[in-house]
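Per-entry structural report
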Amino acid sequence: MVISRIETIPVSVPLKPELVIRSGRGGSHTSSPFLLVKVHTDEGVTGIGEASCTPRWSGEDQVTGAHLIHTYLEPLLRGQDPLQLERLTQSFRLAFAGNYFTKSAVEMALWDIAGKVAGKPVWQLLGGKIRGSVPTKWSVSGVEPDKAAAIGARAVGQGFKAMKVKVGLDPGGDVARVAAVREAIGAGIKLGVDANGGWQPDTALATITRLYENNIAFVEQPLAPDELVAMANMRSQLRVPLIADESVYGLGDAKVIAQLKAADALSIYIGKAGGIEPARQIAEFAASAGMKCTVGSNLELGVGSAAMVHLALATAGIAAEEFPCDIIGPFYYEHDIVREPLPIKPGEAHGNERPGLGVELDEEKVERYRVRGG
Ligand SMILES: [Mg+2]
């Protein structure tokens, strides 16, 4: 079997209006202009992937993604055995610099092919489940306190046992928002905060100190991504774990963070890492360096979310029980682009027994949300 061609499909899928995300440095997220990928083979097996490309995160979008795939990855992969996954993924590194979300979509599709050929789910190929399901948490947008409280209460009603609140907008508003959410969800729910790098080094610690009275469980990315030395200083003064997200894309970032002791835990993404296997390598390294990992989200659709479930089900270095994962993308959309999504429930995400990623594209929805022209 050899790879015959790669198809890229730009889609734009609107978020439910009431769930539009507002956060510190991230701005607003109202629809997801993502890129779907199909890796075709000469034997009719097709693997699917998804780049949850977000320009504010990585400088990638659906146009750059499609361009790089067709210009560099497709010539590299055409005629190659798709089951040579490790070798092919290694070659992505040299094909072009960066653009990890784009690379991850193709790597994900190769795992889908490998699973379909083997007749096994990807979690099985990764070594089998180390947990029956993945604990997940909700994310409360950086809206006014009363709205944030309502979002938090609704998430608890749906079954979430953990959540985080977006902060990093302004210290007074941040404290009011977190207090309102804690009041609304009660004492028994794990509650953390995610500043998306929005706080200034001189005021962040004072703001976090004010948040302790709401019994916060963690602080995610308090400072800008490159403020690692300041983050290390802050971490040594915190009473709760510090999670790095925007500061860690690949293994190299994880190594620097470990060296500086700038975080207790890492939020890893298949997109940031450049694929399922590179993300696993970060989790393994983190465990060896005494750090925990969770899985973060760019509001992935059904394909990207499935890949996250497989990764978290089968990776011991992901401490989902202590740091529940953000496998919540599908909740944000009225419609998904897969026919039968994985059972991603409020508070826990499950895999299925189907081969590969376990999901197939809903071609009618794909056509509905396909971005045309340009
Ligand atoms: Mg985050």
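Please read all numbers here as calculations on a predicted model, not as lab measurements.

Per the secondary structure count, the chain includes 14 helices and 15 strands. For the chain, the C-alpha radius of gyration of 20 Å lies close to 21 Å, the compact-globule estimate for 374 residues. Looking at the 374 residues of the chain, the share that counts as buried comes to 58%. For the chain, the accessible area works out to roughly 14000 Å², and carbon and sulfur atoms hold 51% of it. Side chains of the chain give 38 positive and 43 negative charges; the mean places of these two sets differ by 2 Å.

Before going further, it helps to spend a moment on the domain arrangement of the chain. In many analyses, interface size is given as the accessible surface area lost on bringing the parts together. For the chain, the assigned domains are domain 1 (3-119 + 361-369) and domain 2 (125-349). A straight line from the C-alpha centre of domain 1 to that of domain 2 covers 23 Å. Between domain 1 and domain 2, the contact holds 41 residues from the first and 49 residues from the second. Where domain 1 abuts domain 2, roughly 3700 Å² becomes buried across the two surfaces, and 65% of that area is made up of carbon and sulfur atoms. The interface formed by domain 1 and domain 2 contains zero salt bridges. Counting only elements with at least two residues in the side of domain 1 that touches domain 2, the list comes to β1 (3-14), β2 (21-23), β4 (31-41), β5 (46-51), α1 (55-58), α4 (100-118) and α14 (363-369). For the side of domain 1 that touches domain 2, the element with the highest residue contribution is α4, accounting for ten residues. A per-class count over the side of domain 1 that touches domain 2 returns 20 nonpolar, ten polar and eleven charged.

With that settled, consider the pairing of strand β12 (residues 265-268). Both faces of β12 are covered, namely the face carrying Ala265 and Ser267 and the face carrying Leu266 and Ile268. Strand direction decides the pairing type here: β12 and strand β13 (residues 292-295), joined by four bridges, are parallel. Each bridged residue has a counterpart across the sheet, and for Ile268 the counterpart in β13 is Val295.

Looking now at the coordination of the magnesium ion. Surrounding the magnesium ion are the protein donor atoms Asp194 (OD), Glu220 (OE) and Asp245 (OD), which sit 2.0 to 2.3 Å from the metal. The sequence motif formed by the donor residues of the magnesium ion is D-x25-E-x24-D. Placement of the pair is Asp194 in strand β9 (residues 190-194) and Glu220 in strand β10 (residues 219-220), with a sequence separation of 26 residues. Per residue, the accessibility class of Asp194 equals that of Glu220, and both read buried.

Turning next to the side chain of Gln221. Secondary-structure assignment places Gln221 in the loop between β10 and α9 (228-235). For Gln221, the side chain forms a polar contact with the main-chain nitrogen of Asp245, separated by 2.8 Å. A polar side-chain atom of Gln221 sits 3.0 Å from the main-chain amide nitrogen of Glu246. Residue contacts for Gln221: discarding those within four places in its chain leaves Asp194, Ala195, Asn196, Gly197, Gly198, Met231, Ile243, Ala244, Asp245, Glu246 and Ser247.

Rules of the game
Residues numbered from 1 in each chain as written. Predicted model: local features only at pLDDT ≥ 70, side-chain atom pairs only at ≥ 80, totals over all residues. Heavy atoms only, no water. Helix = DSSP H or I, 4+ residues; strand = E, 2+ residues; numbered from the N terminus. Rg over C-alpha atoms; globule rule 2.2 N^0.38 Å. Buried < 20%, exposed > 50% of the residue type's maximum accessible area, 1.4 Å probe, protein only. Areas by Shrake-Rupley, 256 points an atom, 1.4 Å probe, with all protein chains shown as cover. Lys, Arg positive; Asp, Glu negative; His and termini not counted. Charge placed at Lys NZ, Arg CZ, Asp CG, Glu CD. Domains from an automatic or database assignment. Contact = heavy atoms within 4.5 Å. Buried area = accessible area lost by both parts, 1.4 Å probe. Salt bridge = Lys/Arg side-chain N within 4 Å of Asp/Glu carboxyl O. Nonpolar A, V, L, I, M, F, W, Y, C, P; charged D, E, K, R; others polar. Pairing = 2+ DSSP bridges. Donors = N, O, S within 2.8 Å, 3.2 Å for Na, K, Ca; no water. Polar contact = N/O pair within 3.5 Å; in protein donor to acceptor, adjacent residues only side chain to side chain.

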